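Overview (structure and organization)
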Amino acid sequence: MPRDAAVRTARDVVFVDGVRTPFGKAGSLYAGTRADDLVIRCIRELLRRNPTLPPERVDEVAVAATTQIGDQGLTIGRTAALLAGLPKSVPGFAIDRMCAGGMTAVTTLASGIAFGAYDVAIAGGVEHMGRHPMGEGVDPNPRIIAEKLVDPSALVMGATAENLHDRLPAITKERADRFGLASQEKTAKAYAEGKLQPDLVTMAARDAEGAWTLATVDEAPRETSMEKLAGLRTPFRPHGRVTAGNAAGLNDGATACLLASAEAAAELGLPVAMRLVGYGFAGVEPEVMCYGPTPSTEKALARTGLSIEDIGLFELNEAFAVQVLAFLDHFGIADDDPRVNPWGGAIAIGHPLASSGIRLMTQLAREFAEHPEVRYGLTAMCVGIGQGATVIWENPHYAKENL
Ligand SMILES: CC(C)(COP(=O)(O)OP(=O)(O)OC[C@H]1O[C@@H](n2cnc3c(N)ncnc32)[C@H](O)[C@@H]1OP(=O)(O)O)[C@@H](O)C(=O)NCCC(=O)NCCS
């Protein structure tokens, strides 16, 4: 029925399903695999898992990548949609907000759904950091440095993490290492209990020599100890605090998720894994970009009328331990609070930049299903050049059992 343009009502947006490839170490498992093939595989898997969705009902496809050249270029949302077998009538576009690219693909499409422009949409993210190392092809305007718009260290993410350690001396290297160790331990436990596997789509992977393997699990998680972590180099500063053990690594991988209006999900028989409550993006000084998730979360909470106490589960991207610890300190949450990253995070699993936001959401959706006592959950991450991104979700299982 045509809607009266003068009387618009925002529509409820739901997260139907999310998937991801296993994440590889940069240039290892997927060295000979095209980046676009990773996200295409995710889109195909979403369609396979949701057979009641007629592909022609997908109204838009937005795929994020930080480095949009080569096999991550050519308006990847459009080309990936075509190559995934969606009808040619389905449009698509590319999106970039560095690490929060996938998260921004979700909020952009969700806003379009709420506005009434789409009923069903697919958001994705991909980063092949082996094929496209961070900073590939960038040409920063010399004014940025010459006019002291930002500190030169702002362009090196690990250096911004060291800067945040400087500003927040209560976050010691020992605390960051302990958080890194916990991430590995929680991920190992989650794998042992079969919690992470349902999100993964197996991927035919080609290594650097052209040999094929089947990727079924993340490549980066590893066993470690406080002693081993204490001995690691601090590559971003002599005698610094940031190491390979308390930072996310360099990774290759992709994610995708299906979003719909609540009405379209009901009409098409699509499951509702989460309901979007609201979101917030915020800018901070670029040289301490890891602080970003704190103001973006304050903003998202204020706009949704929620308080931090309302949040029962947190999926915080672990680009660096100091980033999560700064967030936890700000909100008075303990480092080992069981609501935070219960299945580990990017320090263990990996962080293929633009894809990670949808990994956080996909994982939160599964945690919601296990926790009907939790009503609200939050996904948040820091973003290069000084930003934070936060999306708040409601648990439909709570609504069923407790309302
Ligand atoms: C931190 C960083 C520089 C490390 O890169 P790297 O040196 O290539 O990392 P490696 O995996 O080779 O690890 C370095 C060493 O630490 C060891 N190591 C890594 N993690 C470990 C752990 N958890 N426990 C024990 N040892 C570990 C490795 O085995 C390796 O040892 P070796 O030198 O004896 O081979 C890199 O991962 C990085 O830049 N991360 C941040 C990415 C980023 O900025 N993302 C964007 C965020 S906004």
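As a starting point, this report considers the structure included with it. (Residues numbered from 1 in each chain as written. Predicted model: local features only at pLDDT ≥ 70, side-chain atom pairs only at ≥ 80, totals over all residues. Heavy atoms only, no water.)

1. A look at the overall build of the protein
Scanning the protein from N- to C-terminus turns up 13 helices and 12 strands. Taking 22 Å as the expected radius of gyration for a compact globule of 403 residues, we find that the protein reaches 20 Å, a close match to that expectation. Dimensions of the protein, computed from the C-alpha atoms along their principal axes, are close to 65 × 50 × 50 Å. Here the protein holds 403 residues, and 57% of them are scored as buried. Considering only contacts in the protein between residues 6 or more positions apart, those separated by 24 or more positions represent 80%. If you sum the accessible surface of the protein, you get close to 16,200 Å²; carbon and sulfur atoms cover 56% of it. Positive and negative charge centroids in the protein, built from 38 and 49 side chains respectively, lie 2 Å apart. (Helix = DSSP H or I, 4+ residues; strand = E, 2+ residues; numbered from the N terminus. Rg over C-alpha atoms; globule rule 2.2 N^0.38 Å. Buried < 20%, exposed > 50% of the residue type's maximum accessible area, 1.4 Å probe, protein only. Contact = heavy atoms within 4.5 Å. Areas by Shrake-Rupley, 256 points an atom, 1.4 Å probe, with all protein chains shown as cover. Lys, Arg positive; Asp, Glu negative; His and termini not counted. Charge placed at Lys NZ, Arg CZ, Asp CG, Glu CD.)

2. A word on the layout of surface pockets
The computed volume of the largest pocket comes to approximately 1,300 Å³. Looking at which element gives the most residues to the lining of the largest pocket, the answer is helix α11 (residues 346-349), with three residues. Class assignment of the residues belonging to the lining of the largest pocket gives a composition of 28 nonpolar, 15 polar and seven charged. (1 Å grid on protein atoms, 1.4 Å probe; cavity = no way out; pocket = protein on both sides within 12 Å on 5 of 7 lines; lining within 4 Å. Points joined across faces, edges and corners; volume = space filled by probe spheres on them. Nonpolar A, V, L, I, M, F, W, Y, C, P; charged D, E, K, R; others polar.)

3. Focus on the packing of helix α9 (residues 293-304) against helix α10 (residues 321-331)
Relative to each other, α9 and α10 sit at 45°, their axes nearing to 9 Å. When the axes of α9 and α10 are compared, the pair comes out oblique. Contacts between α9 and α10 pair Pro293, Thr294, Thr297, Glu298 and Leu301 from the former with Gln323, Ala326, Phe327, His330 and Phe331 from the latter. For the contact of α9 with α10, the residue count by class is five nonpolar, four polar and one charged. (Axes fitted to C-alpha atoms, helices over the stretch in contact; angles between N-to-C directions. Parallel < 35°, antiparallel > 145°, perpendicular 65-115°, else oblique.)

4. With respect to α10
Counting buried positions along α10 gives nine out of 11 residues, so the element sits mostly inside the fold. If you check which residues of α10 are buried, you get Ala321, Val322, Gln323, Val324, Leu325, Ala326, Phe327, Leu328 and Phe331. Elements in contact with the buried residues of α10: α5 (157-167), α6 (173-192), α9, β10 (311-316), α11 and β11 (376-383). A positive backbone phi angle near 70° is found at glycine 332, which sits one or two residues after α10.

5. Here we look at unusual backbone geometry
Backbone geometry places leucine 74, a non-glycine residue, at a positive phi of 55°. Mapping leucine 74 onto the fold places it in the loop between β3 (60-64) and α2 (76-83). Although it is not a glycine, threonine 75 sits at a positive phi angle of roughly 45°. Mapped onto the fold, threonine 75 is located in the loop between β3 and α2.

6. Describing the packing of aromatic side chains
The geometry of an aromatic ring pair is captured by two quantities: the separation of the ring centres and the angle between the planes. Within this structure, the stated rule accounts for four aromatic pairs. Geometrically, the ring pair formed by phenylalanine 15 and tryptophan 393 is edge-to-face, given 5.7 Å between the ring centres and 75° between the ring planes. Residue phenylalanine 15 is found in strand β1 (residues 13-20), and its partner tryptophan 393 is found in strand β12 (residues 387-394); the two are separated by 378 residues along the sequence. Since its relative accessible area comes to 1%, phenylalanine 15 is described here as buried. For tryptophan 393, a relative accessible area of 1% puts it in the buried group. Between phenylalanine 327 and phenylalanine 331, the ring centres sit 4.8 Å apart and the planes meet at 55°, which makes this aromatic pair tilted. With phenylalanine 327 and phenylalanine 331 both in helix α10 and four residues apart, this pair spans about one turn of that helix. Phenylalanine 331 shares its class with phenylalanine 327; the two are buried. These aromatic residues form a ring-pair network of at least three members: Phe314, Phe327 and Phe331. (Phe/Tyr/Trp six-rings, centres within 6.5 Å; stacked < 30°, edge-to-face > 60°.)

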